[in-house]
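Report on the structure
Now for the letters of each chain:
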Amino acid sequence: MTKKESGNINLETYFHSEQKMFLNNILEINDDSMLEIRCISENKPSIRQFFSDTDKACEYVSKHRKVSNIYFGIASRKDNTSGEKSNCNELGALFIDIDCGSKGHKKASIFSTKEAALQFIN
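Residues numbered from 1 in each chain as written. Predicted model: local features only at pLDDT ≥ 70, side-chain atom pairs only at ≥ 80, totals over all residues. Heavy atoms only, no water.

With that out of the way, let us pick up the overall build of the protein chain. A count of helices and strands for the protein chain gives 3 helices and 7 strands. Helices (α) and strands (β) of the protein chain occur, in sequence order from the N terminus, as β-β-α-β-β-α-β-β-β-α. With 122 residues in all, the protein chain has 28% of them scored as buried. Restricting to contacts in the protein chain with at least 6 residues of sequence separation, those with at least 24 account for 48%. A total accessible area of about 9200 Å² is found for the protein chain, and carbon and sulfur atoms account for 50% of it. Between the mean site of the 17 positive side-chain charges and the mean site of the 17 negative ones, the protein chain shows a separation of 6 Å. (Helix = DSSP H or I, 4+ residues; strand = E, 2+ residues; numbered from the N terminus. Buried < 20%, exposed > 50% of the residue type's maximum accessible area, 1.4 Å probe, protein only. Contact = heavy atoms within 4.5 Å. Areas by Shrake-Rupley, 256 points an atom, 1.4 Å probe, with all protein chains shown as cover. Lys, Arg positive; Asp, Glu negative; His and termini not counted. Charge placed at Lys NZ, Arg CZ, Asp CG, Glu CD.)

Shown next as structure tokens:
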């Protein structure tokens, strides 16, 4: 991957710095508390990775961001065995996930569109 530059600012470095700051504000990542990242692409199985180092997690995101939808677990994980509730360590932020439609979900949402969900929230 070539580095994109704008003036004197290396955008890859800038995005990495912003991602790292965001993740560090939400999660405490260390040897006892891991970050789970999932890369989901159409017609491919999802890829799950766990990180105890924010820099390595941001490098992984940069490497996969153009080919996948990338999601992270809002709760830190105790270890790299799963993203199941029983393996969640701590939750450092209030988080709400509202799904719309049925594509990409195990079951259909009560909201058929994003607009319907936003109208309900408002």
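Next comes the rest of the write-up.
To continue, consider the sheet that holds strand S5 (residues 69-72). One open sheet holds the 3 strands; their spatial order is S4-S3-S5, and the pairing between them is antiparallel. Every interior strand has two partners, whereas the edge strands, strand S4 (47-51) and S5, have only one. In this sheet, adjacent strand axes meet at a mean angle of 20° when their direction is disregarded. As defined by bridge partners, strand S3 (residues 35-40) adjoins S4 across 5 bridges and the pair is classed as antiparallel. Bridging from a neighbouring strand, Cys-39 pairs with Ile-47 of S4. Relative to S3, helix H2 (residues 54-64) is tilted by about 5°, and along the sheet it contacts S3, S4 and S5. (Pairing = 2+ DSSP bridges. Axes fitted to C-alpha atoms, helices over the stretch in contact; angles between N-to-C directions.)

A few words on the pairing of S3. Once S3 ends, the chain turns through 6 residues before running back antiparallel as S4, passing Asn-43 with a positive phi of about 60°. Strand direction decides the pairing type here: S3 and S5, joined by 4 bridges, are antiparallel. Counterpart to Ile-40 in the pairing with S5 is Asn-69.

With that out of the way, let us pick up the side chain of His-64. Note that His-64 resides in helix H2. A relative accessible area of 15% means that His-64 is categorised as buried.

Among the nonpolar cores identified, the biggest contains 13 residues, and Leu-27, Leu-35, Ile-37, Phe-51, Ala-57 and Tyr-60 are the most heavily contacted of them. Contributions of two or more residues to this core are made by helix H1 (11-26), S3 and H2. It is H2 that provides the largest number of residues to this core, a total of 4 residues. If we ignore the near neighbours within four places in the chain, the residues touching Ile-37 are Ile-47, Arg-48, Gln-49, Phe-51, Ala-57, Tyr-60, Val-61, Ile-70, Tyr-71 and Phe-72. (Core = buried A, V, L, I, M, F, W, Y, C linked by side-chain atoms within 4.5 Å.)

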